[in-house]
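# Summary of structural features
For reference, the chains in residue letters:
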Amino acid sequence: MDDAGETSQPPLTIRISRAASGGGADAWPAVAEEPVSPTARLMDSFYIVVTMGLGSPLDLPVFRAGIETQLARYPRFRSIQVTKDGKPRWGRGGLRGVAVHGAHGPRSRPLWEFHFLDFPTSDAMSTAVFRVHHSLGDGMSLLTILMASTRSAADPSRLPAMPAPPARSGDIYARPRPPRTAGVLALIAWLWSFVVLAWHTVVDVTLFVATIAFVRDPHTLFKRDNGGGDGEFPRRKRFVNRSLSLGDVKFLKEALNCTVNDVLVGVTSSALSRYYFRRSGDGNTKKVCLRSILLVNIRPTTSLQAYVNMIESSKSNEVKWGNQLGYIILPFHIAMYEDPLEYVRKAKKMVDRKKSSLEVVFTHMLGEVIIKTFGVKAAGVIFRRMISHTTISFSNMIGPAEQVEFYGHQVVSIAPSVYGPPEALTVHYQSYSNTIKVILAVDEEQFPDHGQLLDDFTESVRIIKDGL
């Protein structure tokens, strides 16, 4: 898919009234004009693209009816961006002729659209592509909306089952206070953990600011010659994906006493290393450190199931919509290890270190302060410098634990990604049922052999598993 452009085909026309949802004239509250948040304005050139493989030929009337009754419930999806007193605001727009007209084009219609490919592919009978402007929300909020619009394929009368919520309660960096019976040493260790937390935060935030100012990754085959600077922004992107076994990933998680995210970071490091040494011809003893921007959801620890239930019980106002993101600079070590398990062990050590830091909180606050102090244009320049001084973007999303139906169509695969960022490579993981997709957004000029890079992800899971 190209990094550009307006739709060449007429949009799917939807004409609906407030009574379309079956709730009467007052079923939907009026869309009040609200300012577009500073973070949303920063996402002006970014789009999220979700590709859904369907298990049956496309039935457009059924899909249209689903959009009318489901997506139409959310105020942002009935809003357009308007300018009032020189500032962008969300205004009421309805859903008549849904289309998107490009990042800097007319905003007379809601900033989202569906594209339909009604022919079979290697893993689906037809395909629906949901393209939405990033200002409407981040991956977590948009995935919540999509999942609230689905039903279990096994029992269409109920919502799909979601993965269990995380075992922890509270913030990821929180350290529970030991009981009094634990003794003085346990209390001292607990207090010392806050000193360590403060020190790690100072180090991480300093490095983050230095990255914006002058620290940049070395040029490698993963990075554009100019780092994705203004002369190359934006460029053509291609979305490619590969299915991995979620069972294999969970097996590694249990065997190595780590998290799924630790395993995925290790698999990514292994795959990038295999690709780098094969294509560059460098000796296996060379080691390179690349850095990624890891997008982190800063909402309170709540399961996806809980958010979906809030929507279904008409409590959607309790869900934090929009872009609630912080950023972490996450290193990826490019190296060849005799023991393939070393990729996951190093990933766990690195991720555990990042959990002992308030970097994600401070980077979110820093972004808000920069936007409010210097304006969106200056903040945009800083934001692009941060991205162009690193090498890749990385994220991991959790999806339904079972097969789902989306507007009467069984979904066989879900593959979200993003375009707009200037990196040559973006890596996303998305779990769904018993599989996990690795989705790459690649610069075609930089990665003409992107199929081999996908092969490296598959092979990395195999060799790490065989190393046990």
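Residue numbers restart at each chain and count upward from 1, following the sequence in its written direction. Side-chain atom pairs in this predicted model are given and counted only at pLDDT of 80 or more, local residue features only at pLDDT of at least 70, and totals for whole chains, interfaces and linings cover all residues. With hydrogens and water set aside, each side-chain value is computed from the structure's full complement of heavy atoms.

## Regarding the nonpolar core
Our working definition: Working definition of a nonpolar core: buried Ala, Val, Leu, Ile, Met, Phe, Trp, Tyr and Cys residues. They are joined through side-chain atoms within 4.5 Å. Residue burial is assigned from relative accessible area. The probe radius is 1.4 Å, only protein chains are included, and a residue is buried under 20% of its type maximum, exposed over 50%, and partly exposed in between. Strands here are runs of E lasting at least two residues and helices are runs of H or I lasting at least four, both read from the DSSP assignment and numbered beginning at the N terminus. We call two residues contacting when some pair of their heavy atoms lies within 4.5 Å.
Residues F222, L425, Y429, L440 and F457 are the most contacted members of the largest nonpolar core, which totals 47 residues. The element contributing the most residues to this core is helix α6 (residues 260-280), with nine residues. Residues within four places of F222 in sequence aside, it is in contact with L272, Y275, Y276, L290, T391, A424, L425, Q446 and F447. Core analysis: the next-biggest nonpolar cluster, separate from the first, contains 35 residues, M52, F130, I414 and Y432 among them.

## Here we look at the packing of helix α5 (residues 246-255) against helix α11 (residues 450-466)
For the record, the criterion: Interaxial angle, 0 to 180 degrees, is taken between N-to-C directions of lines fitted to C-alpha atoms, where a helix line uses only the stretch in contact. Each angle is binned into one of four classes, with values under 35 degrees roughly parallel, values over 145 roughly antiparallel, values of 65 to 115 roughly perpendicular, and all other values oblique. Crossings are classed by handedness, with left-handed meaning an anticlockwise turn of the near helix from the far one by less than a right angle and right-handed meaning a clockwise turn. All amino acids are sorted into three groups, where Ala, Val, Leu, Ile, Met, Phe, Trp, Tyr, Cys and Pro are nonpolar, Asp, Glu, Lys and Arg are charged, and the leftover types, Gly among them, are polar.
In the contact formed by α5 and α11, the axes pass within 11 Å of each other and the chain directions differ by 40°. Classified by the angle their axes make, α5 and α11 are oblique. Here α5 runs over α11; the crossing is left-handed. Packed against α5, whose contacting residues are D248, F251 and L252, the element α11 presents V461, I464 and K465 at the interface. A breakdown of the residues in the contact of α5 with α11 according to their chemical character gives four nonpolar, no polar and two charged.

## Describing the side chain of T201
Mapping T201 onto the fold places it in helix α4 (residues 184-213). Discounting residues that sit within four places of it in the chain, T201 has contacts with S357, L358, E359 and F362.

## Concerning the packing of aromatic side chains
Filter applied, for reference: Each Phe, Tyr or Trp ring, with Trp reduced to its six-membered ring, pairs with another whose centre is within 6.5 Å; inter-plane angles below 30 degrees give stacked pairs, above 60 give edge-to-face pairs, and intermediate values give tilted ones. A positively charged side chain is recorded as over a ring if its NZ (Lys) or CZ (Arg) lies within 6 Å of the ring centre. The angle to the ring normal must also be within 35 degrees.
Applying the stated rule across the entire model yields 24 aromatic pairs. Centroid distance F63 to F114: 5.4 Å. Interplanar angle 70°. Geometry classified as edge-to-face. Highlighted residues: F63 in helix α2 (residues 60-69) and F114 in strand β5 (residues 112-117), separated in sequence by 51 residues. Pair check on accessibility: F63 and F114 agree, each one buried. Look at F63 and F116: their rings are 5.0 Å apart centre to centre, the planes differ by 75°, and that puts the pair in the edge-to-face class. With F63 in helix α2 and F116 in strand β5, the pair connects residues that are 53 residues apart, well separated along the chain. Residue classification places F116 among the partly exposed positions, given a relative accessible area of 23%. Aromatic ring contacts, followed pair by pair, group F63, W112, F114, F116, F130, F406 and Y407 into a single cluster. Directly above the aromatic system of F251 lies the positively charged group of K465, at a separation of 5.8 Å from the ring centroid.

## Brief notes about helix α10 (residues 376-388)
For clarity, the threshold we go by: Expected helix span is taken as 1.5 Å per residue step, with the number of steps being one fewer than the number of residues.
Over its 13 residues, α10 runs 18 Å from end to end, which matches the ideal 18 Å to within 8%, given 1.5 Å per residue. Buried within α10 we find A379, G380, F383, M386, I387 and S388. Check the buried side of α10 and you find it contacts α1 (38-42), α4, β9 (288-297), β10 (325-334) and α9 (359-374).

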